[in-house]
Amino acid sequence: KSYSSLDGFALLQRLKVADFIKLLSPHPLEYIPGERNIYSNTGFSLLAYIIEARSGKPYIEFMRERIFRPLGMNKTDDRDPEYIILNRASGYEWRGDRYAGRNWDLTDLKGAGSIVSTIDDMVKWNVGLDGQTFLKTASKAEWWKRFTFNDGKPSLYGFGWRISDLRGHRLTGHTGQTAGFTSANFKYPDQGLTVTVLTNTGETGNGGLMATRIAKFYIPSMSLAAMKPLADVDTGTTQKVFRTLAARLENRPAAELMTPALVQTVSTPRAKQINQRIAAGGIPKTITLVAIEENDGKTKYLYRADTGKRLSLWRLGFDAAGLIDEMTLEEEE
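Right, let's walk through the structure included here. Quick caveat, the model's predicted, so the values are computed rather than measured.

Examining helix α4 (residues 119-130)
- For α4, which comprises twelve residues, the first-to-last C-alpha distance of 17 Å matches the rise-based estimate of 16 Å (1.5 Å per residue) to within 8%.
- Of all the residues in α4, the buried ones are Asp121, Met122, Trp125, Asn126, Gly128 and Leu129. Mapping the buried residues of α4 onto a view down its axis gives an arc of 155°, with all of them on the same face. Set apart from the buried face of α4 by more than 90 degrees, the exposed residues are Asp120 and Val127.
- Summarising the contacts, the buried residues of α4 are in contact with α3 (59-68), α5 (137-143), β7 (181-188) and β8 (193-199).

A look at the environment of tryptophan 161
- Considering the arrangement of structural elements, one finds tryptophan 161 in the loop between α5 and β5 (162-166).
- Tryptophan 161 gets classed as buried once you look at its relative accessible area, which sits at 6%.
- For the pair tryptophan 161 and leucine 171, spaced ten residues apart in the sequence, the C-alpha separation amounts to 9.8 Å.

What to know about the packing of aromatic side chains
- Evaluated as defined, the whole model comprises twelve aromatic pairs.
- Ring geometry for tyrosine 3 and phenylalanine 20: centres 5.8 Å apart, planes at 75°, overall edge-to-face. Taken together, the residues span a long stretch of sequence, with tyrosine 3 in the segment before α1 (17-24) and phenylalanine 20 in helix α1 at a distance of 17 residues. The burial state of tyrosine 3 is the same as that of phenylalanine 20; both residues are buried.
- Clustering of aromatic rings is evident, with ring pairs tying together Trp125, Phe134, Trp143, Trp144 and Trp161.

Some points on the environment of threonine 196
- Position of threonine 196 relative to the elements: it lies in strand β8.
- Here the alpha-carbon distance between threonine 196 and threonine 175, two residues 21 residues apart in the chain, equals 9.6 Å.
- Within the structure, threonine 196 has its side chain in polar contact with the side chain of asparagine 126 (distance 3.1 Å).
- Polar side-chain contacts of threonine 196 include one of 2.5 Å to the side chain of asparagine 185.

Section: unusual backbone geometry
- At asparagine 87, a residue that is not glycine, the phi angle is positive and equals roughly 65°.
- If you trace the backbone, asparagine 87 turns up in the loop between β1 (77-78) and β2 (92-94).
- Under the relative-accessibility criterion, asparagine 87 is labelled exposed at 71%.
- One non-glycine residue, arginine 167, adopts positive backbone phi at about 50°.
- Note that arginine 167 resides in the loop between β5 and β6 (169-178).
- For arginine 167, a relative accessible area of 23% gives the class partly exposed.

Calculation notes
- Throughout this document, residue positions are counted from 1 along each chain, in the order its sequence is written.
- Only residues with pLDDT of at least 70 get local features here, since the model is predicted, and only at 80 or more are side-chain atom pairs given and counted; chain-wide, interface and lining totals rely on the full set of residues.
- To obtain the side-chain values, all non-hydrogen atoms of the structure were included, while hydrogens and water were left out.
- In this description a helix means any DSSP run of H or I spanning at least four residues, a strand means any run of E spanning at least two, and both kinds are numbered starting from the N terminus.
- Between the first and last residue of a helix there are one fewer steps than residues, each counted as 1.5 Å, and that sum is the expected span.
- Accessibility here uses a 1.4 Å probe with only protein chains present; expressed as a share of the type maximum, an area under 20% marks a residue as buried, one over 50% as exposed, and anything in between as partly exposed.
- It is the directions from the helix axis to the C-beta atoms whose arc is reported.
- Contacts are assigned to residue pairs that have any heavy atoms within 4.5 Å of one another.
- Two aromatic rings from Phe, Tyr or Trp, using only the six-membered ring of Trp, form a pair when their centres are within 6.5 Å; if the ring planes differ by under 30 degrees the pair is stacked, by over 60 it is edge-to-face, and anything between is tilted.
- As used in this structure description, the phrase polar contact means that two N or O atoms lie within 3.5 Å; if the pair is within protein, one of them must be able to donate a hydrogen and the other to accept it, and residues adjacent in sequence are counted only when both atoms belong to side chains.

Here it is in structure tokens:
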């Protein structure tokens, strides 16, 4: 189970490996390995502990020796707040009417986040990935290959990278969020384009949204406006989605149309901040079904919402009873 949803894993606890595993042990697995995937901070922390056990070195020292120094990433290191780092940025959260400082109570344990960097160093990282000296071509091919589930279907995940196709354009990348910061690193290999965003404006997913909008300057065919509507044979479902989205953006979840778990997800303080930010651009006047996808064995419906001034793309999922169990903002423009 990912520790980010559990108590007792704050950085200030200074957990040892044995303590970390002991705290996790009572919690059952999220699912049978190989059947599906969910992003897991716990998984990446465990990988860091494996690196320490195999190398005999602290994780951050291993990273310095094998990655940071060879690539000249001299401003990339351990982000622990106890270290004094020249020109370190402060993290902020939007509190409805003001910004508030936020760089405390971190759940960043080693391997999941836990690194501070600069945009210049991230350029060096991406140049290293695109070259032929840092990693072998065969290693990168393995790194960026989709995992195959037990039933033979492909996942959207490789070795720590999301591997997808965005309206006909191959995309390999990842986003990150932590206290007071968001980030994204998106690579479009067919266009030779990489977009990296580092922000200190809170956990509202701005990094990924900004990176996609920047990419559209270089790949205009990715615009939401260019997506062609699908024939909508189920207008009742579309109306349900419209009502649910409008209610969510007003921070009054339509509990009769959503699963209890989704109601809880969209009602957290962080979710309410995101809803408020999106609603500032206007409540959608129309929504249009633009894609149907099969991901991880589930059917997902993509709807484009139009406020008259802004477009947004939402990914929807439904449970067996027809209740909405996923409503994820994919893009805005």
